[in-house]
Amino acid sequence: MGVSKRKRSMPPVSVQKPQPFSRDASDEDNVDTTPTSESDLNGLDPEDKALIERLQKKYGFKINMPPTDRPVRIYMDGIFDLFHFGHAKALEQSKKMFKNVHLMVGVCNDIDTHKRKGKTVMSDVERYEAVRHCAWVSEVVRDAPWFVTQEFIDEHRIDYVAHDAEPYGSTESGDVYSFVKEQGRFLPTERTEGISTSDLITRIVRDYDSYLRRNLERGVSAKDLNISFLKERRIRTKKSIDDLRHTIATALQDTFGLWEDRSHDFVRQFGGIFGAEDVVDKFWKRRHRKRLILEDSRANSSQEPSEDDEDEQSDHDTTSSSSASQQDRRNKKRKLNLFE
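Worth saying up front: this structure is predicted, and the values here are computed from it rather than measured. Counting restarts for each chain: residues are numbered from 1 in the order of the written sequence. Two thresholds apply to this predicted model, a pLDDT of at least 70 for residue-level local features and 80 or more for giving and counting side-chain atom pairs, whereas whole-chain, interface and lining totals are computed over all residues. As a rule here, side-chain values come from all non-hydrogen atoms in the structure, and water together with hydrogens is ignored.

1. Overview of the sheet that holds strand β4 (residues 160–164)
Counted only if it meets this: Strand pairing requires that DSSP identify at least two bridges connecting the strands. For helices the rule is a DSSP run of H or I covering at least 4 residues; for strands it is a run of E covering at least 2, with both sets numbered from the N terminus onward. Lines fitted to C-alpha atoms define the axes, with helix axes restricted to the stretch in contact, and inter-axis angles between N-to-C directions lie between 0 and 180 degrees. Residue contacts are defined here by distance: any two heavy atoms, one from each residue, within 4.5 Å place the two residues in contact.
Read from one edge of the open sheet, 5 strands run β3-β2-β1-β4-β5, paired in parallel fashion. Of all the strands in the sheet, the pair left with one neighbour each is β3 (139–141) and β5 (186–189). This sheet shows a mean twist of 30 degrees between the axes of neighbouring strands, independent of strand direction. On top of the sheet, helix α2 (residues 85–95) reaches β1 (72–78), β2 (101–107), β4 and β5; it is set at about 145 degrees to β2, its chief contact.

2. Remarks on the confidence of the model for the protein chain
Definition in use: Confidence of the predictor at the level of single residues is captured by pLDDT, which takes values from 0 to 100.
Confidence along the protein chain averages 77 in pLDDT terms, with 63% of residues attaining 70 or more. Note that residues 1–31 has pLDDT below 50 and, in this model, 22 contacts with residues that lie over four places away or in other chains.

3. Regarding unusual backbone geometry
Although it is not a glycine, Phe80 sits at a positive phi angle of roughly 60 degrees. Summarising the element assignment, Phe80 is placed in the loop between β1 and α2.

4. Description of the layout of surface pockets
Empty space left among the atoms is revealed by rolling a probe the size of a water molecule over them. The criterion, for reference: Cavity and pocket criteria rest on a 1 Å grid covering protein atoms alone: a 1.4 Å probe that fits but cannot get out defines a cavity, protein on both sides within 12 Å along at least 5 of 7 lines defines an open pocket, and an atom within 4 Å of a point defines a lining residue. Grid points are joined across faces, edges and corners, and a volume is the space filled by probe spheres set on the points. Gly counts as polar in this scheme, as do all residues outside two lists: the nonpolar Ala, Val, Leu, Ile, Met, Phe, Trp, Tyr, Cys and Pro, and the charged Asp, Glu, Lys and Arg.
Roughly 940 Å³ of volume is contained in the largest pocket. Considering the residues around the largest pocket, the lining is formed by 34 residues, among which Gly78, Ile79, His87, Lys117 and Arg191 are closest to the centre. Those elements that provide at least two residues to the lining of the largest pocket are β1, α2, β4 and α7 (197–206). When residues of the lining of the largest pocket are assigned to their parent elements, the largest contribution, 4 residues, is made by α2. Classifying every residue of the lining of the largest pocket by side-chain character gives 13 nonpolar, 13 polar and 8 charged.

5. Looking at the pairing of β4
Test applied: Each residue is assigned to one of three classes by its accessible area relative to the maximum for its type, calculated with a 1.4 Å probe on protein chains only: buried under 20%, partly exposed between the two thresholds, exposed over 50%.
Counting buried positions along β4 yields 5 of 5 residues, so the element is predominantly enclosed. Pairing geometry for β1 and β4, over 2 bridges, is parallel. Directly across from Ile74, in β4, lies its bridge partner Tyr160. As paired elements, β4 and β5 share 4 bridges and run parallel to each other. The residue of β5 that forms the bridge with Asp164 is Thr189.

6. Quick word on the nonpolar core
Where we set the bar: To qualify as a nonpolar core, a set must consist of buried Ala, Val, Leu, Ile, Met, Phe, Trp, Tyr and Cys residues joined through side-chain atoms within 4.5 Å.
Counting 44 residues, the largest nonpolar core has Ile74, Tyr75, Phe98 and Leu187 as its most contacted members. Residue contributions to this core peak at 5 residues, all from β2. Setting aside its immediate chain neighbours within four residues, Phe98 contacts Asp48, Leu51, Ile52, Pro66, Val72, Ile74, Tyr160 and Leu187. The next biggest cluster of nonpolar side chains, apart from the first, holds 6 residues, and it includes Leu212, Ala222, Leu225 and Ile235.

Quick look at the structure:
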């Protein structure tokens, strides 16, 4: 009896479309970044809502409410040359805007930066690494575009673009973030005054010779410093002269101090014959105090004491000296009485 074989029917295979790829391969892939609807505001943190309302009132443009069912994806971009605490504080502001933030930081490459802004001190790879090691950064976007575009926002599923609120102009636009503000996706941050990459470079250029001398003393060659042999000799000669001047000045000061102390003792002993030690001590202490004040003012390291403090200290010194002098006179009188 023949056995007939029936073909087993196979279930149809469904082909899934490839999902968008996240640069950090995190769990936030494939998220919906449409603005939060009114129905979703029920789960919104009151502090987040108050923050958005406060920023809208301060800056005068619309800001969308953050999503409530996932981390808020915030994007910042920049050059980040000579990464300093001003950069770190800006990143910290963005990271702490909401309780759950995924902060993406775009760093422009050398080609775009040198073309549009000028030469940098650090290479793009060094700048990538400097930003990556900042604790506030969740993800670094290398070769970031010079201008944020709608395609870039959609590709990286960005909820907000963070930057200081001042319009950032260019040859192509008066404010490159204008369309982001119109969409309610712009988060303003505060700049840190008193620190910038340009300021750091200005300090180095201003004290150029000092830093050249510093590196030469540490063994850096003139070739690495890109200076000529004559420049190197001039810097080393100037340092030798400065060291000699400092040595002479220190020796003279020590010598004058020694002789002043000896003269003080001599004058005090002479004044003691007439019972005038308190007057001599007051004179020398006041003179010594004025000399110290003058030295401190030259070094710009301390403030001159007030006249009230000086008079009070002088009165105290006078009282102490007078008491000691009176005690000395009583001792001398007691000795004379013994001889009599």
